[in-house]
Amino acid sequence: MAISGRVTERSIHNRVLANLQRNLAKGDKIQDQLSSGKQLNRPSDSPTGTVSSMQLRAESRANEQYVRNADDGLGWLDTLESTLSRASTLINRARDLTLQGLTGASSPQANQALATEIDQIRESMIGYANTRYLDRPVFGGTRAGSVAYDDTGAYVGDDGRVMRSVAAGENGKVRVDINGPDAFGPEGASVFDALTSIRDHLRAGDSAGLKADLDDLDQAAVSVKTAISEIGSRYNRITHMKDSAQDRVLSVTSQLSEIEDIDLPKTIMEMQLQQTSYQAALAASAKVIQPSLIDFLR
Amino acid sequence: MASSFGGINTALSSLYAQRRGLDVTGQNIANANTEGYTRQRVVMQSQVGSISPALYARTDGLGTGVAVSEVQRMRDQYLENRGRTEHANSAYLTSQTAAYAAIEDVFAEPGSTALQAQLHDMWDAWGDVANNPQLPAARAALIQQSKTVADGLNFAHNALASQWGQIRKELSAYVEEVNTAAKTVAQLNDSIVQAKAAGLTVNELEDRRDLQVMQLAKLTGATAQTRPNGAMDVYVGNSTLVTGFTTRDLEVVGAARMDQRAFQPVSVQWADTETPAGVGGTMGSMFDTVTTIIPVISDALDEVARTLATKVNTAHNGAFRPDGTPGGDFFTGTTAGTIAVAIDFPDQVAAAAQAGRIDGSVANELAGTVTDADGPDLLYQSMIGNLGVAAQASSRRTEIQATVTEQVDASREAQSGVNLDEEMTNLLTYQRGYEAASRVLTTIDSMLDQLINRTGLVGR
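Calculation notes
Residues numbered from 1 in each chain as written. Chains lettered and ligands numbered in written order. Predicted model: local features only at pLDDT ≥ 70, side-chain atom pairs only at ≥ 80, totals over all residues. Helix = DSSP H or I, 4+ residues; strand = E, 2+ residues; numbered from the N terminus. Rg over C-alpha atoms; globule rule 2.2 N^0.38 Å. Contact = placed C-beta atoms within 7 Å. Buried ≥ 20, exposed ≤ 12 C-beta atoms within 10 Å, placed from the backbone. Nonpolar A, V, L, I, M, F, W, Y, C, P; charged D, E, K, R; others polar. Pairing = 2+ DSSP bridges. Axes fitted to C-alpha atoms, helices over the stretch in contact; angles between N-to-C directions. Core = buried A, V, L, I, M, F, W, Y, C linked by C-beta atoms within 7 Å. Parallel < 35°, antiparallel > 145°, perpendicular 65-115°, else oblique. Left-handed = near helix turned anticlockwise from the far one by under 90°.

J.: Could you give me a rundown of the overall build of chain B, with the residues and numbers involved?
T.: Within chain B, the regular secondary structure consists of nine helices and ten strands. Over its C-alpha atoms chain B spans a radius of gyration of 39 Å, topping by over 25% the 23 Å that the globule rule assigns to 460 residues. Principal axes of the C-alpha set define a box for chain B whose edges measure 155 × 45 × 30 Å. When contacts within chain B are restricted to residue pairs at least 6 apart in sequence, long-range pairs at least 24 apart make up 71% of them.

Written out as structure tokens, the structure reads:
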């Protein structure tokens, strides 16, 4: 307050103006916060808050990306799983047909018919093995091309792995594909080789050969079932990680809101206080400035 | 014994003095709201009668009335000096705060559309390429997002450069204003010294000079000192701007565009000696803004752009395109102003670690850069954090300084401002004084009438 005892109209005027200005500036800030809903509108409002907010936004975006990666990975695994279970059903059918051929009761014509059906099954199997997800053969590793197996049942993919990052770091990467040989048996002992062999032996009526083929087919069936169970466990892992990434997004969002958003009741209270004091200041200055000695001199 | 008519003269001197008092009061009231006006006071002095003894004329030692010895200007030089210093500080900080606010506006952080969000969108696009390296759509989206980031960096750089250029221009304009104001002060010095030598009152001229010097203080942080002959010397830094009737010119030299500042440093200097002038006030703040504040931010932004380009280019160079050829550079340019996306077509994006495979491992690696401790995102965050700290400190200091300046102004106003109540009281006092002096005159007149016209009539 004033150092000197002397007060003039202009000094009152200046001080009143300065105080009203300060009051208005405060009101402006509160209005800004209320209308934007944010207490953090520029870095200087809170430098530490700004940096935290930017870090939290980065974390939130990273986790959202993990969720999207996980969704994509689940799409792959879904495709693999449904393809392999259908393949497994087909293998069972092939086994039944082979057993029919083995009982020996059937005529060469019937065996021919069985062989034809086995051939159909083989072609369907190759079709399954060439299943594509978003235009990529899911059993082909990282091979650039549209098929994993050629028409003869030979593997043309590679041993590349398709990985999805569903959490931070190396541990957060999960494999979402399976190579053809891992699912359908290794080259030379694959389900396709077994089916080819069964077809040929059926046509030739070679029971001993068929018996050996049956063992090969069972081997291949085990391989497919193992693949299905492995895919199931990966599916579980990705689902868990996706859930935790989603939880993280939620908690980051609430932290972000705590830093950036206004406390509505508190801000409204502040605005009320500011308005009251502004009105009081206006009323007081209107009263103070009015009278002077001139009013009382005749 | 004194003369019989001495009293008439005494009353007359009083009539003169009271009227002068009324005139000065009128002047004060007339200028009650004039900026920079200093209230004036009539200083009256009682007149001493002759005190030299003589043989036949003996004095009775009685005074012979009143005289106006001076019309005093009620301004305190020390308070004025303090006022100039505080106003200079205030001007410096206000200009600085405005500069920081403009820089904050350029970045518009924290927000969901500003540069950081654009960077996030780009890393997400790398993530999408990692998930589906075989899809041209994901690659095309990546190129677009990367262009947005490059544009964002270019925009921020250009906005800083344009702010820099504008302040540099204002600096030149202010130098002209300072030189003109200095010449005005010198001219006023001339008039004041001559008038004072002739014994005239030049209070109004001094008011005008104080206003000019205050303007100089706000612009350059100038200080001033009055000489015994009435002239005022003005100093900027430690050198004289105005000495008596002569002035020295200031000038601004150096680059007109921000990008040239390294080769032609901007300097505010004396035109005659070409030595730097330590300016304060608004110009000092502008000088600091173009030499330190904006360059620091601009360099930090360049560092962000360089880190981004290096990081992505290193990975992209080691990766393979879908057709099996090496990726090459993804970004060209290593500063915020020059960075651009080097590739145009989706099949030029390299995401595979091994040639000839549908593989997104390199893209996946890049998508993880978002949280890298030495990545562009964290550099950018710390840059914004530093900007916030500096801007907040500046704005708080401005608030504190505003209060100090206000208090000094209140003291100055208390010393030199016109109080109308006081003037009305003076008006009454002088009016009554005038009336009373007239009454004295009437009384002496009727006394002399008695003596001259009605005395010695015995026997007539």
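J.: Give me the overall build of chain A: which residues, what numbers.
T.: A count of helices and strands for chain A gives seven helices and four strands. Reading chain A from its N terminus to its C terminus gives the helix and strand order α-α-α-β-β-β-β-α-α-α-α. For 298 residues, the compact-globule estimate of 2.2 N^0.38 gives 19 Å, and chain A exceeds it by more than 25% at 39 Å. If you line up chain A on its principal axes, its C-alpha atoms span 140 × 30 × 25 Å. The proportion of buried residues among the 298 residues of chain A is 35%. A sequence separation of at least 24 residues applies to 70% of the contacts in chain A between residues at least 6 apart.

J.: Report on the interface of chain B and chain A, specifying residues and quantitative values.
T.: Contacts between the two partners involve 49 residues from chain B, matched on the other side by 45 residues from chain A. Sorting the residues of the side of chain B that touches chain A by element identifies α2 (77–107), α3 (115–131), α7 (361–367), α8 (376–416) and α9 (420–453) of chain B as the ones contributing at least two each. Looking at the side of chain B that touches chain A element by element, the count peaks at 18 residues for α8(B). In terms of residue class, the side of chain B that touches chain A is built from 17 nonpolar, 22 polar and ten charged.

J.: Which residues make up the pairing of strand β4 (residues 232–236) of chain B, and what are the values?
T.: Residues and elements named next belong to chain B. Where burial is concerned, the two faces of β4 differ: the one with M232, V234 and V236 is buried and the one with D233 and Y235 is not. Relative to β4, strand β3 (residues 223–226) is paired through four bridges, and the arrangement is antiparallel. The partner of Q225 across the bridge, within β4, is D233. Hairpin connection from β3 to β4: five residues lie between these consecutive antiparallel strands, with G230 at a positive phi of about 105°. Summarising the sheet, β4 and strand β5 (residues 239–243) pair through three bridges and their orientation is antiparallel. Each residue of the ladder has a partner; that of Y235, found in β5, is T240. Linking two consecutive strands that pair antiparallel, namely β4 and β5, is a turn of two residues; a positive phi of about 65° is found at G237 within it.

J.: An account of the sheet that holds β4(B) is needed here, citing residue identities and associated values.
T.: Residue and element names in this part refer to chain B. Taken in spatial order, the four strands of this open sheet run β3-β4-β5-β6, and their pairing is antiparallel. The two strands at the open ends of the sheet, each matched to only one other strand, are β3 and β6 (246–247). Taken strand by strand, helix α5 (residues 203–220) contacts β3 and β4, and its axis lies near 5° from that of β4.

J.: How would you summarise the nonpolar core if you had to cite specific residues and measurements?
T.: One finds B:W126 and B:V234 to be the most contacted residues of the largest nonpolar core, which totals 145 residues. With residues up to four places along the chain from it excluded, the contact list for B:V234 reads B:A182, B:V185, B:V213, B:L216, B:A222, B:A224, B:L241 and B:V242.

J.: For the packing of helix α2 (residues 47–102) of chain A against helix α5 (residues 191–204) of chain A, give the residues involved together with the corresponding values.
T.: All names here are of chain A. Two numbers describe how α2 lies on α5: the axes approach to 11 Å, and their chain directions differ by 25°. Between α2 and α5, the angle is such that the two are roughly parallel. As α2 packs across α5, the resulting crossing turns out to be left-handed. Counted together, I91, A94, T98 and G101 of α2 and V191, L195, I198 and L202 of α5 form the full contact between these two elements.

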